[in-house]
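# Geometric and topological summary
These are the residues of each chain, in order.
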Amino acid sequence: DALTAGLAMIGMQIASCGGGNKHENGHGRFEWIIALLTAMSVILVGWELLKDSILTIFSPRDTNLDVFMAVVLLCSIAVKVFLWRYSIKKSRIHDSQALRAVAIDSLSDAVSTGAVLLSLLLSAAWKIDADGWCGLAVSLFIIVNGVKAFQETANRIMGTRAPKEEILQVEELAKEGGRFRETYDLQIEDYGYGS
């Protein structure tokens, strides 16, 4: 978690550097590379949890819950939910794919920790062995969100068409003052964060 958050901050710092001799349009797309790496790490965590959960379903483990463990898990969930909300808020302010991916990572951690707590409570209260099944559900949740984050960032890197409203605004601006009569083949490019 510290690594993905650190990478996001480094990515945003590099992305905010202006244009130079080699990269005259700036370094904004570097932040997208960091977002892809973060999304891939989320998918990897989901995959590892999926494999472990399947093994646990077929070979259940003994689980014990004590008060200290429950408090630690609840604190961990609270911190992860806070980090998720904070990262989402900052990602919207800065239009940052990397912070969005960090938010998904934090949410995935909160959900997986919640599943651990739930399975421990079910085991302690009713002797229901739900550890593997909870892990399976959470791993699928994590993988789906990781893939969504990856696709969202990859689509932005590959380029998407600007919204019609923006195209119309640029066309109207170009025609203002009578300097241009018509516009055609208008291309609006996104160079990422800070550009």
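Since the model is a prediction, treat every value here as computed from it, not as a measurement.

Counting across every chain of the model gives 6 salt bridges. A salt bridge links Lys 51 to Glu 48; the nearest nitrogen and oxygen atoms lie 3.4 Å apart. You can see Lys 51 and its partner Glu 48 sitting in helix H2 (residues 30–58), 3 residues apart, about one turn around the helix. The closest approach of N and O atoms between Arg 100 and Asp 95, which form a salt bridge, is 3.4 Å.

Attention now moves to the confidence of the model for the protein. Looking at the protein as a whole, its pLDDT mean stands at 85, while 96% of the residues score no less than 70. Element-level pLDDT for the protein is lowest in helix H1 (residues 2–15), with a mean of 77, against a maximum mean of 93 in helix H3 (residues 67–94).

Turning our eyes to something else, we now look at the packing of aromatic side chains. Summed over the entire model, instances satisfying the criterion amount to 1 aromatic pair. Both rings, one in Phe 82 and one in Tyr 86, keep their centres 6.1 Å apart while their planes meet at 20°; by these two values the pair is stacked. Separated by 4 residues within a single helix, Phe 82 and Tyr 86 lie in helix H3, roughly one turn from each other. Overall, Phe 82 belongs to the exposed group, its relative accessible area being 53%. Taking relative accessible area as the criterion, Tyr 86 reaches 44% and is therefore assigned partly exposed.

In the contact formed by H3 and helix H4 (residues 97–126), the axes pass within 8 Å of each other and the chain directions differ by 160°. When the axis of H3 is compared with that of H4, the two are roughly antiparallel. Read as a crossing pair, H3 and H4 show a hand that is left-handed. The residue makeup of the contact of H3 with H4, split by class, is 17 nonpolar, 7 polar and 4 charged.

Okay, the packing of H2 against helix H5 (residues 131–158) next. Between H2 and H5, the shortest axis-to-axis distance is 8 Å and the interhelical angle comes to 160°. As summarised for this structure, H2 and H5 are arranged roughly antiparallel, according to the angle between their axes. The handedness of the crossing between H2 and H5 is left-handed. The residue makeup of the contact of H2 with H5, split by class, is 23 nonpolar, 8 polar and 2 charged.

What follows concerns the nonpolar core. Grouped together as the largest cluster of nonpolar side chains are 10 residues: Ala 39, Val 42, Ile 104, Ala 115, Leu 122, Ala 130, Cys 134, Val 138, Ile 142 and Ala 149. A total of 4 residues in this core trace back to one element, the largest contributor, which is H5. Contacts of Ile 142, omitting those with residues within four sequence positions, involve Val 42, Gly 46, Leu 49, Ser 108 and Ser 112. Core analysis: the second largest hydrophobic core is formed by 7 residues, Met 12, Ala 35, Ala 98 and Leu 99 among them.

Attention now moves to the environment of Gln 169. Relative to the assigned elements, Gln 169 resides in helix H6 (residues 164–175). Assessed through its relative accessible area of 53%, Gln 169 is described here as exposed. Measuring from C-alpha to C-alpha, the distance between Gln 169 and Tyr 184 comes to 14 Å, with 15 residues separating the pair along the chain.

Let us now look at unusual backbone geometry. Not every positive phi belongs to a glycine, and Asp 95 is a case in point at roughly 50°. Relative to the helices and strands, Asp 95 resides in the loop between H3 and H4. Residue Asp 95 is classed as partly exposed on the basis of its relative accessible area of 37%. Positive phi values are uncommon outside glycine, yet Lys 127 reaches one of about 60°. On the secondary structure map, Lys 127 appears in the loop between H4 and H5.

Calculation criteria
Residues numbered from 1 in each chain as written. Predicted model: local features only at pLDDT ≥ 70, side-chain atom pairs only at ≥ 80, totals over all residues. Heavy atoms only, no water. Salt bridge = Lys/Arg side-chain N within 4 Å of Asp/Glu carboxyl O. Helix = DSSP H or I, 4+ residues; strand = E, 2+ residues; numbered from the N terminus. pLDDT = per-residue confidence, 0-100. Phe/Tyr/Trp six-rings, centres within 6.5 Å; stacked < 30°, edge-to-face > 60°. Buried < 20%, exposed > 50% of the residue type's maximum accessible area, 1.4 Å probe, protein only. Axes fitted to C-alpha atoms, helices over the stretch in contact; angles between N-to-C directions. Parallel < 35°, antiparallel > 145°, perpendicular 65-115°, else oblique. Left-handed = near helix turned anticlockwise from the far one by under 90°. Nonpolar A, V, L, I, M, F, W, Y, C, P; charged D, E, K, R; others polar. Core = buried A, V, L, I, M, F, W, Y, C linked by side-chain atoms within 4.5 Å. Contact = heavy atoms within 4.5 Å.

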